[in-house]
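If you want the building blocks of each chain, they are given just below.
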Amino acid sequence: MYNTRFLGLDVDSFLSWRDHVDQLMLELGTACYAIRYVKHFMSQDTLRTIYFSYFHSILSYGIIFWGNSAYSSNIFKIQKRIIRIIMNARNRESCCQLFKNLKILPLKSQYIFSLLLFVAENRDLYESNSEIHNINTRFSSDLHTPTANLTTFQKGPFYFGIKVFNHLPTSIKKTSHDINQFRSVLKSFLIINSFYSLEEYFAWNSNRDLGLV
């Protein structure tokens with residue numbers, strides 16, 4: 001459970017995530033080397049299992065705090081490197097389809113996934129628009145966005161989680177009260193779209209037919 005004192009804040013305002021990301025790069029670099037070393041003796045399915053038990057557990061730890069920092073691009077480079085190793089792809093080959101084939105989320109999609117799970121698991125911290133305004137509109141399933149003037153608060157997991165949640169297709173938002181269903185549908189949505197950036201996510205047309213729910 002995250003310390004709620006920091007949930008509304010961009011921790012970069014107190015300390016730089018650079019040291020944390022530098023340490024992550026060392027640990028993930030070691031994981032990358034290990035998978036490269038054993039790839040000739042293991043099947044692709046086994047390498048994928050090793051990825052989740054070793055690499056993914058390091059990558060996802062605390063990602064709702066550092067996943068949107070400027071330093072996260074360095075971690076993404078290592079993630080793409082390890083995906084290419086697992087799939088035996090060339091160094092400059094695009095990883096977009098490789099992520100989909102392996103059903104592994106790119107870094108920013110993993111950030112979105114972890115952030116939205118935090119929102120869903122802590123719905124008691126949020127109010128929906130329907131609770132604030134007794135009007136049945138297409139935005140009634142959205143979370144109420146509180147007034148916030150401080151940039152540090154707007155970039156924090158609590159506030160930014162609202163923005164990310166509200167951009168979800170309505171059909172997915174409506175499942176958020178059932179954590180297991182929400183997790184499953186959200187994961188499928190993110191794997192299919194494989195967002196490389198938050199800009200891609202927010203540019204996605206939420207009126208598009210998902211075929212998921």
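Trainee: Looking at this structure, I do not really get the overall build of the protein. What am I missing?
Mentor: A count of helices and strands for the protein gives twelve helices and zero strands. Along the protein, helices and strands appear, N-terminal first, in the series α-α-α-α-α-α-α-α-α-α-α-α. Relative to its 213 residues, the protein shows a buried fraction of 46%. Excluding contacts between residues fewer than 6 apart, the proportion of contacts in the protein whose partners are at least 24 apart in sequence is 67%. Accessible surface, the protein: about 11,700 Å² in total, of which carbon and sulfur atoms supply 49%.

Trainee: Would you explain the packing of aromatic side chains in this entry?
Mentor: To describe a pair of aromatic rings, one takes the distance between the centres and the angle between the planes. Throughout the structure, instances matching the rule amount to 13 aromatic pairs. An angle of 90° between the planes, with centres 5.0 Å apart, marks the rings of Phe76 and Tyr196 as edge-to-face. Residue Phe76 is found in helix H4 (residues 72-87), and its partner Tyr196 is found in the loop between helix H11 (179-193) and helix H12 (198-203); the two are separated by 120 residues along the sequence. In this structure Phe76 comes out as buried when scored by relative accessible area, which is 11%. A connected cluster of aromatic rings, assembled from ring pairs, spans Phe160, Phe189, Phe195, Tyr201, Phe202 and Trp204.

Trainee: Explanation requested: the nonpolar core in the structure shown.
Mentor: Formed by 61 residues in total, the largest nonpolar core has its most connected members in Tyr51, Trp66, Ile83, Leu168, Phe182 and Phe189. Take this core: its biggest share by element is ten residues, from helix H6 (residues 107-121).

Trainee: Mind showing me how you'd approach H4 here?
Mentor: Because each turn of an α-helix spans 3.6 residues, side chains separated by three or four positions in sequence point in the same direction. With 16 residues, H4 should reach 22 Å at 1.5 Å per residue; the first-to-last C-alpha distance of 23 Å fits that figure. Of all the positions in H4, only Ser72, Ile75, Phe76, Ile78, Gln79, Ile82, Ile83, Arg84, Ile85, Ile86 and Met87 are classed as buried. Check the buried side of H4 and you find it contacts helix H1 (18-38), helix H2 (44-60), helix H3 (63-66), helix H5 (96-102) and H6. A positive backbone phi angle near 55° is found at Asn88, which sits one or two residues after H4.

Trainee: What is the right way to read unusual backbone geometry from this model?
Mentor: Positive phi is not limited to glycine here, since Lys103 has a value of about 55°. Examined against the element boundaries, Lys103 turns out to sit in the loop between H5 and H6. Of note in the backbone geometry, Ser194 takes a positive phi value of approximately 45° without being a glycine. Here Ser194 is to be found in the loop between H11 and H12.

Trainee: Looking at this model, I keep getting lost on the pattern of salt bridges. Mind explaining?
Mentor: Pairing between side chains of opposite charge can happen when their charged atoms approach one another. Inspection of every chain in the model, using the stated rule, returns two salt bridges. Glu121 is the partner of Arg183 in a salt bridge, and the nearest nitrogen-oxygen pair spans 3.7 Å. You can see Arg183 sitting in helix H11 and its partner Glu121 sitting in helix H6, a full 62 residues away along the chain. Since its relative accessible area comes to 35%, Arg183 is described here as partly exposed. Among the ionic pairs, Lys173 bridges to Asp142, the shortest N-O distance being 2.3 Å. Pair noted here: Lys173 is in helix H10 (residues 170-173) and Asp142 is in the loop between helix H7 (129-132) and helix H8 (151-155), with a separation of 31 residues, a long-range link. There is no split in this pair, since Lys173 and Asp142 are both buried.

Trainee: Teacher, can you tell me more about the environment of Asn205 here?
Mentor: By the secondary structure assignment, Asn205 is in the segment after H12. Expressed as a C-alpha distance, the spacing of Asn205 and Pro169, which sit 36 residues apart in the sequence, is 8.7 Å.

Trainee: Honestly, the side chain of Lys39 in this entry has me stumped. Any pointers?
Mentor: Position of Lys39 among the secondary structure elements: in the loop between H1 and H2. For the buried residue Lys39, which engages in no salt bridge, the nearest side chain bearing the opposite charge is Glu93, 11 Å off. Only 3.2 Å separates the side chain of Lys39 from the backbone oxygen of Ile85, close enough to count as a polar contact. Those residues in contact with Lys39 that sit more than four places away from it in its chain are Leu47, Ile85 and Asn88.

Trainee: What is the right way to read the environment of Ile86 from this model?
Mentor: Along the chain, the position of Ile86 falls in helix H4. On a C-alpha basis, the gap between Ile86 and Arg36 in space is 7.9 Å, while along the polypeptide they are 50 residues apart. Ignoring sequence-local partners within four residues, the contact set of Ile86 consists of Ile35, Gln44, Leu47, Tyr51 and Leu102.

Each value, and the rule that gives it
- Residues numbered from 1 in each chain as written.
- Predicted model: local features only at pLDDT ≥ 70, side-chain atom pairs only at ≥ 80, totals over all residues.
- Heavy atoms only, no water.
- Helix = DSSP H or I, 4+ residues; strand = E, 2+ residues; numbered from the N terminus.
- Buried < 20%, exposed > 50% of the residue type's maximum accessible area, 1.4 Å probe, protein only.
- Contact = heavy atoms within 4.5 Å.
- Areas by Shrake-Rupley, 256 points an atom, 1.4 Å probe, with all protein chains shown as cover.
- Phe/Tyr/Trp six-rings, centres within 6.5 Å; stacked < 30°, edge-to-face > 60°.
- Core = buried A, V, L, I, M, F, W, Y, C linked by side-chain atoms within 4.5 Å.
- Expected span 1.5 Å × (residues − 1).
- Salt bridge = Lys/Arg side-chain N within 4 Å of Asp/Glu carboxyl O.
- Lys, Arg positive; Asp, Glu negative; His and termini not counted.
- Polar contact = N/O pair within 3.5 Å; in protein donor to acceptor, adjacent residues only side chain to side chain.

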